[in-house]
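# Structural features, examined
These are the residues of each chain, in order.
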Amino acid sequence: MKITDIKITPIAVSDPPLLNAAGLHAPYALRTIIEIETDIGITGLSEIPGSSGADEALAEARDAVIGLDPFHLSRIMQTITQQFGKETRAERGLSPWDSRKIVHVQSALEVACLDIIGKDTGRPVVDLLGGPVREQVPFSAYLFFKHRGAGGELEFNTAPKATGWAAARQAEGLTPEQMVAQAQGMIEEYGFRSIKLKGGALEPAQEVASIHALHKAFPDAPLRLDPNAIWKVETAVKWAKELEGILEYFEDPVRGQENMARLKKHTSIPLATNMCTTSFEDLPSSIALGSEDIILSDHHFWGGLKASIELSRICETFGRGMSMHSNSHVGISLAAMVHLGAAARHLTYALDTHYPWQEDEVIVGGKMKFEEGAVTVSREPGLGVELDRTELARLHENYKRCGLTHRNDEIEMQKVEPGWKFAAVRW
Ligand code: GKR
Ligand code: MG
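Residues numbered from 1 in each chain as written. Chains lettered and ligands numbered in written order. Predicted model: local features only at pLDDT ≥ 70, side-chain atom pairs only at ≥ 80, totals over all residues. Heavy atoms only, no water.

### Comments concerning the packing of aromatic side chains
Two measures describe an aromatic ring pair: the distance that separates the ring centres and the angle between the ring planes. Heads up, the condition is: Side-chain rings of Phe, Tyr and Trp, where Trp is taken by its six-membered ring, are said to pair if the distance between their centres is within 6.5 Å; with planes under 30 degrees apart they count as stacked, over 60 as edge-to-face, and otherwise as tilted. Going along the chain from the N terminus, every DSSP run of H or I of four or more residues is numbered as a helix, and every run of E of two or more is numbered as a strand. Only protein chains enter the calculation, and the probe is 1.4 Å; a residue is then buried if its accessible area is under 20% of its type maximum, exposed if over 50%, and partly exposed in between. Each ring is checked for a lysine NZ or an arginine CZ that lies within 6 Å of its centre and within 35 degrees of its normal; such an atom marks a charge sitting over the ring.
Tallied over the entire structure, the rule returns eleven aromatic pairs. Arranged with centres 5.1 Å apart and planes meeting at 85°, the rings of Phe280 and Trp302 form a pair that is edge-to-face. On the criterion of sequence distance, the pair formed by Phe280 in the loop between β11 (271-273) and α11 (283-289) and Trp302 in the loop between β12 (294-297) and α12 (305-317) is long-range, its members being 22 residues apart. Take Trp302: its relative accessible area is 5%, and that puts it in the buried class. One aromatic cluster is present, formed by Phe139, Tyr190, Phe192, Tyr355 and Phe370 through successive ring pairs. Residue placement shows Lys367 over the ring face of Tyr355; its charged tip is 3.5 Å from the ring centre. Note that Arg426 overlies the ring of Trp427, its terminal NZ or CZ placed 5.8 Å from the centroid.

### A closer look at the site of ligand 1
The condition that has to hold: Here a residue counts as near a molecule or strand whenever at least one of its heavy atoms sits within 4 Å of it. Nitrogen and oxygen atoms within 3.5 Å of one another constitute a polar contact, given that in protein one can donate a hydrogen and the other can accept it, and given that sequence-neighbouring residues count only through two side-chain atoms. Values of accessible area rely on a 1.4 Å probe in the Shrake-Rupley scheme; residue burial ignores everything except the protein chains shown. Residue polarity is assigned by list, with Asp, Glu, Lys and Arg as charged and Ala, Val, Leu, Ile, Met, Phe, Trp, Tyr, Cys and Pro as nonpolar; anything else, Gly included, falls into the polar class. An automatic or database domain assignment provides the domain bounds reported here.
Taken together, 16 residues sit near ligand 1, with Asn20, His25, Tyr142, His325 and His354 positioned nearest. Asn327 is positioned such that a nitrogen or oxygen atom in its side chain is 2.8 Å from an oxygen atom of ligand 1. Considered on its own, ligand 1 offers 340 Å² of accessible surface; in the complex 99% of this is hidden by protein. Here the shell around ligand 1 is composed, by residue class, of three nonpolar, eight polar and five charged. Split by domain, the residues of the shell around ligand 1 number at least three in each of domain 1 (3-123) and domain 2 (128-376).

### A short note on the pairing of strand β7 (residues 141-144)
Stated precisely, the cut-off is as follows: Paired strands are those between which DSSP finds at least two bridges.
Burial along β7 is two-sided: Ala141 and Leu143 and Tyr142 and Phe144, pointing in opposite directions, are all buried. As paired strands, β7 and strand β8 (residues 195-198) are joined by four bridges and run parallel to one another. For Ala141, the partnering residue across the bridge sits in β8 and is Ile195.

### A few points about the coordination of the magnesium ion (ligand 2)
Inclusion rule: Distances up to 2.8 Å from the metal define which N, O and S atoms are donors, and 3.2 Å serves for Na, K and Ca; water is absent from the atom set, so sites may look incomplete.
For the magnesium ion (ligand 2), the protein coordination sphere consists of Asp226 (OD), Glu251 (OE) and Asn274 (OD1), at 1.9 to 2.2 Å. For the magnesium ion (ligand 2), all donor residues lie on one chain, and their spacing in sequence is D-x24-E-x22-N. In this pair, Asp226 sits in strand β9 (residues 223-226) while Asn274 sits in the loop between β11 and α11, placing the two residues 48 residues apart along the sequence.

### Regarding the side chain of Ser14
Our working rule: Residue contacts are defined here by distance: any two heavy atoms, one from each residue, within 4.5 Å place the two residues in contact.
Note that Ser14 resides in strand β1 (residues 3-14). For Ser14, the contacting residues outside a window of four places in its chain are Pro27, Tyr28, Gly151, Gly152, Arg169, Trp357, Gln358, Glu359 and Asp360.

### Focus: the sheet that holds β1
Strand pairing in a sheet relies on backbone hydrogen bonds. The paired strands run either parallel or antiparallel. The cut-off we apply is this: Simply put, an axis is a line fit to the C-alpha atoms, just over the touching stretch for a helix, and the angle between two N-to-C directions goes from 0 to 180 degrees.
The strand order β1-β4-β5 describes an open sheet built from three strands, whose pairing is antiparallel. Of all the strands in the sheet, just β1 and β5 (43-49) have a single pairing partner and so form its edges. On average, each strand axis in the sheet is tilted by 20° relative to the strand beside it, whichever way the strands run. Here strand β4 (residues 28-38) runs beside β5; their pairing, made up of seven bridges, is antiparallel. Its bridge partner lying in β5, Arg31 is registered against Pro49. Most of the contacts of helix α13 (residues 331-343) go to β5, to which it runs at about 100°, and overall it touches β4 and β5.

### Here's the deal with the domain arrangement of the protein chain
Note the cut-off: Salt bridges, as used here, are contacts in which a Lys or Arg side-chain nitrogen is within 4 Å of a carboxyl oxygen on Asp or Glu.
When the domains of the protein chain are assigned, the result is domain 1 (3-123) and domain 2 (128-376). The C-alpha-based centres of domain 1 and domain 2 are spaced at 22 Å. Each partner contributes to the interface: domain 1 provides 44 residues, whereas domain 2 provides 53 residues. Counting across the domain 1 and domain 2 interface gives zero salt bridges. Across the domain 1-domain 2 interface, the total number found is 18 residue pairs in polar contact (both at pLDDT 80 or more).

### Examining the pairing of strand β10 (residues 247-251)
Condition: By the criterion used throughout, a crossover qualifies as right-handed when its path from the first strand across the helix to the second strand runs clockwise, the strands pointing away from the viewer.
Among the five residues that make up β10, four are buried, leaving the element largely enclosed by the rest of the structure. Bridge analysis of β9 against β10 gives three bridges, and the strand direction is parallel. Looking at the pairing, Leu225 lines up with Phe250 of β10. Between β9 and its parallel partner β10, the chain crosses via helix α9 (residues 233-243), and the hand of that crossover is right-handed. Bridge analysis of β10 against β11 gives two bridges, and the strand direction is parallel. Across the sheet, the residue bridging to Glu251 is Ala272, located in β11. Between the parallel pair β10 and β11, the chain is carried across by helix α10 (residues 256-264), and the sense of this crossover is right-handed.

Dropping the structure here:
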């Protein structure tokens, strides 16, 4: 079998005005949908975070990969490494977010090839990763401080007739009471059993007050707080004392492996990261310093699903827990996350997903179903999802119309707070 073409389609999906350490989500989140075509008529799908940089890198990779066999994943990965070299820590940027591109190219190619292999052999992707160790993959409720509005065409408008999660999703979320209402709306709809609160947006005292309110409202739900590395070590030490016994884990309270290791000496709350240990190259210093207890995998950032299975084994070997990181995404990414979550033997926490925040979808049948906070892994060949071409075309039009080419939460924040500046460490 040979790869004959790769189609790269950037899309823009509506995204509510969610707050974080880097600013505010734009009305649209960008994703790129990849279709790899083969000489036997099978097409494989994948989805990655959208940016014109990653799309250009994928287009550059296309010529090197056309003609290769989708089963030869090691050759495909080697070709990409030879073409682009390895991305360094510097390329990741100080933040706001990890700006590596090549890991996305690897992930895009690998997932689509696994979809092809699955379709060719009649096996779901989970079987290609070792087979399921769990059929239902649990996710957590991912809460955000936010302004009123639902994003996209509905930016800063409320649809007055909305009820349930559709209404809660649009509501403002700034006070502890509003955050409890957000959690109630999301949990009623999806059945999540654990809760993550995206922090780094408000003063630490306000965020901790919301954690207390959530703890009171959901005493049995494991809670996580993620300030995206914007707190000073002293700030994190102070608030960790108050959060002992309440947080299941504390995600990236401070910046960098050294600071995480310093904080660890002052708290028994497990520390988790998707910011200070994000590649295999980071693992030696992570182990030497003991910078975190839990690593959040993410196949888009670790170079694919097989690489994430390798990460899970390393986490097990070195006594790290493993969970999963997310960004705004649609169903192709979710399907891949579920296959990975079903196959990873060492996966110790419910996974993150932004999925409840996105209304748009590119797969046939619309939004994937959650039951009791979990998604059942598909037994269909490949990823088990099919492209809805009408929706793909509509969301591609959104992309062309919205004029965004990459994520910049600082610029969006400046639209509501003129002069606002991202600070790598704020409190
Ligand atoms: O969507 O604003 C967001 C999140 O803050 C996201 O960009 C982060 O990468 O979810 C992520 C995290 O856990 O750090
Ligand atoms: Mg995080």
